[in-house]
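One letter stands for each residue in the lines below.
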Amino acid sequence: MSKKVLVVDDEKLIVKGIRFSLEQDGMSVECAYDGEEALNMAKDNEYDIILLDIMLPKLTGLEVCQQIREFSNVPIVMLTAKGEDMDKILGLEYGADDYITKPFNILEVKARIKAIMRRTKKQEQEDEKSKMITVGELKLDCEGRRVFISGKEINLTAKEFDVLELLVHNPNKVYSRESLLNIVWGYEYPGDVRTVDVHIRRLREKIEENPSEPRYVHTKWGVGYYFQVS
């Protein structure tokens with residue numbers, strides 16, 4: 001599936017050149033020539049990346065970038081005039097991912113686009129991976145807040161899930177009962193550390209084949225609890 005790019009610049013020759021070159025690489029390119037048009041297109045369409053000039057009519061590139069960041073994490077590369085260091089700094093502060101200085105070499109533009117798309121794809125894969133964690137027979141769906149053991153769904157309470165998710169995301173890290181109480185229940189919680197012990201016991205009864213010899217949630221005596229597959 002071809003990558004979709006929005007090119008925004010009021011200099012039509014620049015837009016035409018970028019468009020031609022990116023289309024040669026099999027990308028789908030749409031164009032906007034002022035800030036308002038760019039913002040509307042970003043709201044109405046899904047893009048893989050946006051090339052955004054800073055000096056634009058109606059809305060500046062910085063304003064467009066800032067407003068896009070209110071509803072989208074689409075990668076944005078700012079096009080800045082040569083030597084305008086403040087524009088570069090502001091662009092990054094307003095949420096841009098990178099910047100290219102004019103006049104630019106189209107090969108540099110394509111190289112930057114491909115590098116950002118590779119980073120974005122890797123991040124998406126890591127995010128997807130972190131949503132679903134499989135350890136041994138245990139499968140944790142972090143987005144759906146569901147737990148499966150050997151393919152069978154296990155019903156956990158909200159707090160049992162919170163404890164398990166924290167431990168799974170930090171394998172081999174030992175959490176004291178006080179730490180778990182503060183992180184999962186919050187500093188304002190009026191209960192005591194026995195609350196943690198009760199939840200760990202219930203959790204083990206649900207996910208462990210033999211709760212007295214746990215495979216997943218272990219005790220470090222005198223210290224606290226940790227997650228490890230034995």
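I will try to describe carefully the structure that is included in this document. (Residues numbered from 1 in each chain as written. Predicted model: local features only at pLDDT ≥ 70, side-chain atom pairs only at ≥ 80, totals over all residues. Heavy atoms only, no water.)

Look at helix 6 (residues 158-169) against helix 8 (residues 194-207): their axes get within 10 Å of each other, and the N-to-C directions meet at 85 degrees. Here helix 6 is positioned roughly perpendicular relative to helix 8, judged by the angle of their axes. Contacts from Lys159, Glu160, Val163, Leu164 and Leu167 in helix 6 reach His199, Ile200, Arg202, Leu203, Lys206 and Ile207 in helix 8. Its residues placed into classes, the contact of helix 6 with helix 8 shows six nonpolar, one polar and four charged. (Axes fitted to C-alpha atoms, helices over the stretch in contact; angles between N-to-C directions. Helix = DSSP H or I, 4+ residues; strand = E, 2+ residues; numbered from the N terminus. Parallel < 35°, antiparallel > 145°, perpendicular 65-115°, else oblique. Contact = heavy atoms within 4.5 Å. Nonpolar A, V, L, I, M, F, W, Y, C, P; charged D, E, K, R; others polar.)

With that settled, consider the pattern of salt bridges. All told, the structure shown has 16 salt bridges when counted by the stated rule. Among the salt bridges present, the one from arginine 112 reaches aspartate 98, with a minimum N-O distance of 3.2 Å. With arginine 112 in helix 5 (residues 106-131) and aspartate 98 in strand 5 (residues 98-101), this residue pair connects regions lying 14 residues apart in the sequence. Given a relative accessible area of 26%, arginine 112 falls into the partly exposed group. (Salt bridge = Lys/Arg side-chain N within 4 Å of Asp/Glu carboxyl O. Buried < 20%, exposed > 50% of the residue type's maximum accessible area, 1.4 Å probe, protein only.)

It is worth spelling out the state of the cysteines at this point. The final tally for this structure, using the stated rule, is zero disulfides. Among the cysteines around cysteine 31, which has no disulfide bond, cysteine 65 carries the closest sulfur, lying 19 Å off. Owing to a relative accessible area of 0%, cysteine 65 belongs among the buried residues under this scheme. (Disulfide = S-S within 2.5 Å.)

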